[in-house]
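Fold and geometry: a report
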Amino acid sequence: MAMAATVSSSGITSSAFSRSVISSEPKVSQIGSLKLLDRVSLTTPMSLKKRSSVKPLNAEPKRNDSMVPLAATMVAQVAEEVVEAEDFAELAKKLENASPLEIMDKALEMFGNDIAIAFSGAEDVALIEYAHLTGRPYRVFSLDTGRLNPETYRFFDAVEKHYGIRIEYMFPDSVEVQGLVRSKGLFSFYEDGHQECCRVRKVRPLRRALKGLRAWITGQRKDQSPGTRSEIPVVQVDPVFGGLDGGAGSLVKWNPVANVEGSDVWSFLRTMDVPVNTLHAAGYVSIGCEPCTRAVLPGQHEREGRWWWEDAKAKECGLHKGNIKENANVNGESKPVVEDIFKSENVVALSRQGIENLVKLENRKEPWIVVLYAPWCPFCQAMEASYDELADKLAGSGVKVAKFRADGEQKEFAKQELQLGSFPTILVFPKNSSRPIKYPSEKRDVDSLTSFLNLVR
């Protein structure tokens with residue numbers, strides 16, 4: 001596929017770096033119209049070779065599926081220099097209190113043209129702004145899954161025009177996408193989880209992209225998902241993906257905003273007056289593919305808008321699985337310590353046997369409404385007050401209000417026998433009917449639940 005590579009500085013033309021960067025302490029030296037990074041001494045777990053800071057990516061091709069090469073006119077004749085190995089864990093400690101601008105500058109200085117910014121179309125436009133502020137050349141790539149929001153595509157265009165760059169788009173393999181859609185449909189992820197779709201549309205294209213690099217820059221932050229990203233270092237040897245030289249330890253991962261809070265990122269974006277995705281104004285915080293992203297309510301965590309039908313600990317697509325902290329929920333706590341919810345004395349707590357008996361009854365004497373829940377689920381917590389109020393309101397009316405904890409060992413049973421798709425799932429068991437009716441709306445206030453109950457009871 002054809003796509004243009006992005007190498008940018010504060011002054012860029014479409015074919016070469018022709019304008020000098022104004023700085024009291026120049027970071028780059030200039031040969032003709034070509035700016036080259038000053039050489040630095042590195043130590044990495046692998047043996048790195050630094051050639052030119054601006055060169056065709058496949059000047060010495062190692063793989064046929066790497067990112068598209070830069071224009072041949074951008075080749076600089078610079079002798080190879082072997083770079084000594086550096087301990088990136090130690091470097092991460094040194095940079096722990098550094099600003100994102102300092103970290104970005106160090107990353108671009110060390111890796112030149114062999115590093116690129118991963119741009120998702122959300123608030124990580126801050127990474128591009130930091131790279132721009134360094135005055136160094138930089139590259140940007142993005143994964144076009146084919147399922148992004150129209151607003152995101154328009155945002156890509158605005159970013160390219162604002163910075164005078166071309167984003168290197170990576171696309172999924174069309175045969176793989178075709179096979180997935182033909183065999184499972186367009187929205188199979190709502191039923192069997194998002195991992196397979198993300199693997200085809202995101203993870204494998206990313207793997208191809210990274211094979212053409214020695215380092216990449218991400219917008220991961222510790223506060224994005226305290227339960228899964230709380231231990232992200234500012235720089236690390238990538239624990240999952242390989243780079244240009246292949247094998248373990250061949251790729252370095254930089255996370256310049258790892259220690260920055262989301263509110264501070266947004267203060268920076270507003271101050272610098274850079275383009276932002278218009279979806280943010282509509283309540284979207286973390287933005288991914290259109291079918292898997294939605295706005296969040298005030299007070300909800302940003303990751304709650306991603307894959308909302310799944311457990312909190314599953315809210316990762318696989319791009320950063322090496323940084324995922326296991327056995328934690330969205331609050332960074334183990335599930336067993338979470339206090340139970342729906343505590344009204346009028347809410348019946350059903351055991352596994354109890355709900356199995358309820359399902360088997362064909363001639364019920366009274367209708368039941370049952371919530372399938374997980375106490376750690378923020379959406380379940382959000383409806384606790386209204387559900388307790390509903391139970392108190394219906395006390396003595398002949399309608400039973402109940403709850404069944406459907407996470408953990410009960411989840412597979414609930415998915416197979418009780419129509420569980422996401423938490424919470426609300427079922428109404430009418431009188432004289434063996435089949436429960438699933439409440440289809442996300443409006444879980446007392447009036448909405450009562451209205452539905454009256455229609456089907």
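Residues numbered from 1 in each chain as written. Predicted model: local features only at pLDDT ≥ 70, side-chain atom pairs only at ≥ 80, totals over all residues. Heavy atoms only, no water.

1. A word on unusual backbone geometry
- Looking along the chain, the bond that leaves Phe 423 and enters Pro 424 is cis, with omega of -10°.
- Checked against the element boundaries, Pro 424 lands in the loop between helix H12 (411-417) and strand S14 (425-429).
- Positioned with a positive phi, Phe 342 is a non-glycine residue whose angle comes to about 60°.
- Take Phe 342: it is sitting in the loop between helix H8 (262-272) and strand S11 (347-349).
- Backbone geometry places Gln 419, a non-glycine residue, at a positive phi of 65°. (Helix = DSSP H or I, 4+ residues; strand = E, 2+ residues; numbered from the N terminus.)

2. A few points about the layout of surface pockets
- One number sums up the size of the largest pocket: a volume of about 310 Å³.
- As for the largest pocket, its lining consists of 17 residues, and the residues nearest its centre are Ser 422, Pro 424, Lys 438, Glu 442 and Arg 444.
- Tallied by class, the residues present in the lining of the largest pocket amount to nine nonpolar, four polar and four charged. (1 Å grid on protein atoms, 1.4 Å probe; cavity = no way out; pocket = protein on both sides within 12 Å on 5 of 7 lines; lining within 4 Å. Points joined across faces, edges and corners; volume = space filled by probe spheres on them. Nonpolar A, V, L, I, M, F, W, Y, C, P; charged D, E, K, R; others polar.)

3. Brief notes about the pattern of salt bridges
- Counted by the stated rule, this structure contains 17 salt bridges.
- We note a salt bridge from Lys 222 to Glu 96, for which the minimum N-O separation is 3.7 Å. Of the two residues, Lys 222 sits in the loop between strand S8 (215-217) and strand S9 (235-237) while Glu 96 sits in the loop between helix H1 (88-94) and helix H2 (100-111), which places them 126 residues apart along the sequence.
- Its relative accessible area of 25% is what places Lys 222 among the partly exposed residues.
- For Glu 96, a relative accessible area of 32% corresponds to the partly exposed category.
- For the salt bridge of Arg 405 with Asp 407, the shortest nitrogen-to-oxygen distance reads 2.8 Å.
- Take Arg 405: its relative accessible area is 33%, and that puts it in the partly exposed class. (Salt bridge = Lys/Arg side-chain N within 4 Å of Asp/Glu carboxyl O. Buried < 20%, exposed > 50% of the residue type's maximum accessible area, 1.4 Å probe, protein only.)

4. Notes on the side chain of Arg 208
- Counting through the fold element by element, Arg 208 comes out in helix H7 (residues 195-210).
- Within the buried core, Arg 208 has no salt-bridge partner, and the shortest N-O distance to an opposite charge, that of Glu 176, equals 5.5 Å.
- A distance of 2.3 Å separates a polar atom in the side chain of Arg 208 from the backbone oxygen of Phe 171. (Lys, Arg positive; Asp, Glu negative; His and termini not counted. Polar contact = N/O pair within 3.5 Å; in protein donor to acceptor, adjacent residues only side chain to side chain.)

5. Quick notes on the state of the cysteines
- Per the stated rule, a full pass over the model turns up zero disulfides.
- Sulfur of Cys 197: no disulfide; nearest cysteine sulfur belongs to Cys 198 and is 5.9 Å away.
- Overall, the relative accessible area of 11% leaves Cys 197 in the buried class.
- The structure places no disulfide on Cys 380, whose sulfur is separated from the nearest cysteine sulfur, that of Cys 377, by 3.4 Å. (Disulfide = S-S within 2.5 Å.)

6. Points about the sheet that holds strand S13 (residues 400-405)
- As summarised here, the arrangement of the five strands in space is S11-S13-S12-S14-S15, forming an open sheet in which the pairing is mixed. Edge positions in the sheet fall to S11 and strand S15 (437-438), since each of these pairs with one other strand and no more.
- Examined bridge by bridge, strand S12 (residues 368-373) and S14 share five bridges and lie antiparallel to one another. Each residue of the ladder has a partner; that of Val 371, found in S14, is Ile 426. (Pairing = 2+ DSSP bridges.)

7. Quick word on the side chain of Thr 218
- Within the secondary structure, Thr 218 is located in the loop between S8 and S9.
- With relative accessibility at 2%, the residue Thr 218 sits in the buried group.
- Of note is the side chain of Thr 218, whose polar atom sits 3.3 Å from the backbone nitrogen of Gln 220.
- A polar contact is formed between the side chain of Thr 218 and the side chain of Asn 255, at a distance of 2.6 Å.

8. Some remarks on the pairing of strand S5 (residues 115-118)
- Side chains Ile 115 and Ile 117 of S5 all project onto a buried face; the interleaved residues Ala 116 and Ala 118 project onto the opposite face, where all are buried too.
- In this structure, S5 lies alongside S8, joined through three bridges in parallel fashion. Its bridge partner lying in S8, Ile 115 is registered against Ala 215.
- Sheet topology note: the S5/strand S6 (residues 140-143) ladder contains two bridges and is parallel. Each bridged residue has a counterpart across the sheet, and for Ile 117 the counterpart in S6 is Val 140.
- Handedness of the β-α-β unit built from S5, helix H3 (residues 125-134) and S6 comes out right-handed. (Right-handed = clockwise from strand over helix to strand, strands pointing away.)

9. Some words on empty space enclosed by the protein
- What the rule picks out here adds up to seven cavities of 30 Å³ or more.
- Counted as a void, the second largest cavity has a volume near 100 Å³.
- Taken together, Arg 147, Phe 189, Cys 197, Cys 198, Arg 201, Lys 202, Cys 289, Pro 291, Cys 292, Arg 306 and Trp 307 make up the full set of residues lining the second largest cavity.
- With four residues, H7 is the single largest residue contributor to the lining of the second largest cavity.
- Residues that form the lining of the second largest cavity fall into these classes: seven nonpolar, no polar and four charged.

So, to be careful, I would describe these as geometric facts and stop short of saying anything about function.
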